[in-house]
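Working through the structure, step by step
Each chain, letter by letter, is given below.
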Amino acid sequence: MISAKCLKNAIISGSNNICIKKSAIDDLNIFPVPDGDTGTNMSMTISAAAKMLETFETDDVATISKKVASAMLRGARGNSGVILSLIFRGFSMGLQGKTEADGRDLTDALGMGVEAAYKAVMKPTEGTILTVARMAYEAGNELSATQNDPVIVWEAVVKAANEALALTPEMLPVLKKANVVDAGGKGLCTIFEGMLSVFKDGEIIEFNESDDNKAEDDDYFRSAAAQFDDDIRFTYCTEFIVGRDPDIATDTQELRGFLQTIGDCVVVVDDEEIIKVHVHTENPGNALQAGLEYGSLLTVKVENMKEQHKKAQEAEEQAKQKTEEESAETLTIAEPVEELGFVAVAAGEGLVELFKDCGCANVVSGGQSMNPSTEDIFKAVMATPAKKVVVLPNNKNIIMAAEQAVPLAEDREVIVIPTKTIPQGISALLAFDPDCEDIDEALDIVSNSYGDVQTGLVTFAARDSDFGVGLHKIKENEIIALENGKLTITEKDIVKAAVKVTKKLVSKDTAFITVISGEGVTEEQSKEVVDILTAKYGDNIDISYVNGGQPVYYFIISVE
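Residues numbered from 1 in each chain as written. Predicted model: local features only at pLDDT ≥ 70, side-chain atom pairs only at ≥ 80, totals over all residues. Heavy atoms only, no water.

1. So, helix H11 (residues 253-262)
The periodicity of an α-helix, 3.6 residues per turn, causes residues three or four places apart in sequence to face the same way. Along H11, the residues that are buried comprise Leu255, Arg256, Leu259 and Ile262. Looking straight down H11, one finds its buried side chains confined to an arc of 125°; they lie on one side. Residues Glu254 and Thr261 are exposed on H11 and point more than 90 degrees away from its buried face. (Buried < 20%, exposed > 50% of the residue type's maximum accessible area, 1.4 Å probe, protein only. Helix = DSSP H or I, 4+ residues; strand = E, 2+ residues; numbered from the N terminus. Arc of directions from axis to C-beta.)

2. Focus: the nonpolar core
Among the nonpolar cores identified, the biggest contains 83 residues, and Phe88, Trp154, Phe192, Met195 and Phe199 are the most heavily contacted of them. Take this core: its biggest share by element is 9 residues, from helix H9 (residues 183-201). Other than its neighbours up to four places away in sequence, Phe192 contacts Leu110, Ala136, Trp154, Val157, Val158 and Ala161. Among the nonpolar cores identified, the runner-up in size contains 38 residues, and Ile426, Ile439, Leu443 and Leu487 belong to it. (Core = buried A, V, L, I, M, F, W, Y, C linked by side-chain atoms within 4.5 Å. Contact = heavy atoms within 4.5 Å.)

3. Describing the packing of aromatic side chains
This model, assessed by the stated rule, comprises 6 aromatic pairs. Between the aromatic rings of Phe342 and Phe432, the centroid separation amounts to 5.2 Å while the plane-to-plane angle is 65°, which identifies the pairing as edge-to-face. Separated by 90 residues along the polypeptide, Phe342 in strand E5 (residues 338-346) and Phe432 in the loop between helix H18 (422-430) and helix H19 (439-447) bring together distant segments of the chain. Comparing Phe342 with Phe432, the two get one shared label, buried. Between the aromatic rings of Phe460 and Tyr554, the centroid separation amounts to 6.4 Å while the plane-to-plane angle is 55°, which identifies the pairing as tilted. (Phe/Tyr/Trp six-rings, centres within 6.5 Å; stacked < 30°, edge-to-face > 60°.)

4. What to know about the side chain of Thr40
Counting through the fold element by element, Thr40 comes out in helix H2 (residues 38-53). A polar contact of 2.7 Å, which involves the side chain of Thr40, links it to the side chain of Asp26. Among all residues touching Thr40, those that are not within four sequence positions of it are Lys22 and Asp26. (Polar contact = N/O pair within 3.5 Å; in protein donor to acceptor, adjacent residues only side chain to side chain.)

Structure below.
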């Protein structure tokens, strides 16, 4: 029988095993785009449980499994981490009320986890971690009908998991072409093997935490205030809404052009009734005066960004003085007094500012290669003073983690709008009408607003790849561009790549192009991209520029 102590040690051993091998699992990722790699996400997810177990004692497996499920749910990062947490949530359900576990109990619990994982994925794909988990369960379930020894049953589970892993290249041609197995499946096998070491031999696989890249992980999720430059070009963040005068021409291109001469981060969105404006400038009065030429001002908000930055730096310094334990226990929960609030995921000072300026109460630091945990998103939700909190993940690998936060917030409703890119998130926010009396109607508009936004991304290849997109073999650090998530361009120059991907996205219906520059991109490079696009499209399309400061992506291009 498996005791509480044995199960506790098995989880710790499984966690240690994947922490040791996470880099090798990361290397199995075949897509060359820098991302939140599978081994890292899975190791961070189960490490949240292992860390909790170090100081936790109990006499029954039910309590151990419940604690593990809770910790992994909150610590889940990326899609692979969420699926892993769901598999172990099955242990919590299957071992409920039990002091010890036999072979039948283990397979029943694993089966519940597999079922939950399949249900959570909208379009389950075979040849992934799901297949490995399912085939492992099926083998264990068949054996446990006649053999109840938990060690023998778990040996069968591990053996079947590895056999399923070996089959993943046959199920997914892209894996076969790259001559690798599925990374998520490999991660699951690694964890199961670590658990078997304890079940069979009583030995915890050891891992020296000093070898872990914990400092790097902490940097991923440091507060945005720590990333801000002291050099803020324009002092005032100015945002206003103009109620259109029906007797005045509707073309806002002249307004946009004027705002770009007096500031940056210009966003002008309009319909038949209103014009919504956002600009960073030294002369907010001039921006407001320009807006008055189109109608009457309905709302005005002007904030001193330098003063805000100063306060943010002070707060950051104070936070650094606290111990890690004190910081972990601190959670500022806001009473849900407002009807609606927004939370977004973004990285880069310019993008964080932009999302907040557009109405986000909180922005979770994260994105590509920096997947926040469910707990990170949950904390942001609870710090938002609203009865309904809308979460914009802005990355396909963060959507599942965001969805796991929904049941955690018991005193407020959490709505995840599955935005997959930064442009989609911005479009969704700008579609929200704060003056709409029917909140549900306003949310319907937001939910249906972002689908037509086209996204271009310029980044670098994180690894050598032959991804089968009709291109030459991609070399590590080569410049690549993605068209709505599809890799279509390789280049030597980021400016050329940005222009090329934009041209592919523009159609006869395009009205707006927004160029968002990232970390390490010079002003000259940004200006060159904007100038080339303006020369080609400026007569018919409004072209805006935002210094986003985001990592990973040299340029994010929004076309709508």
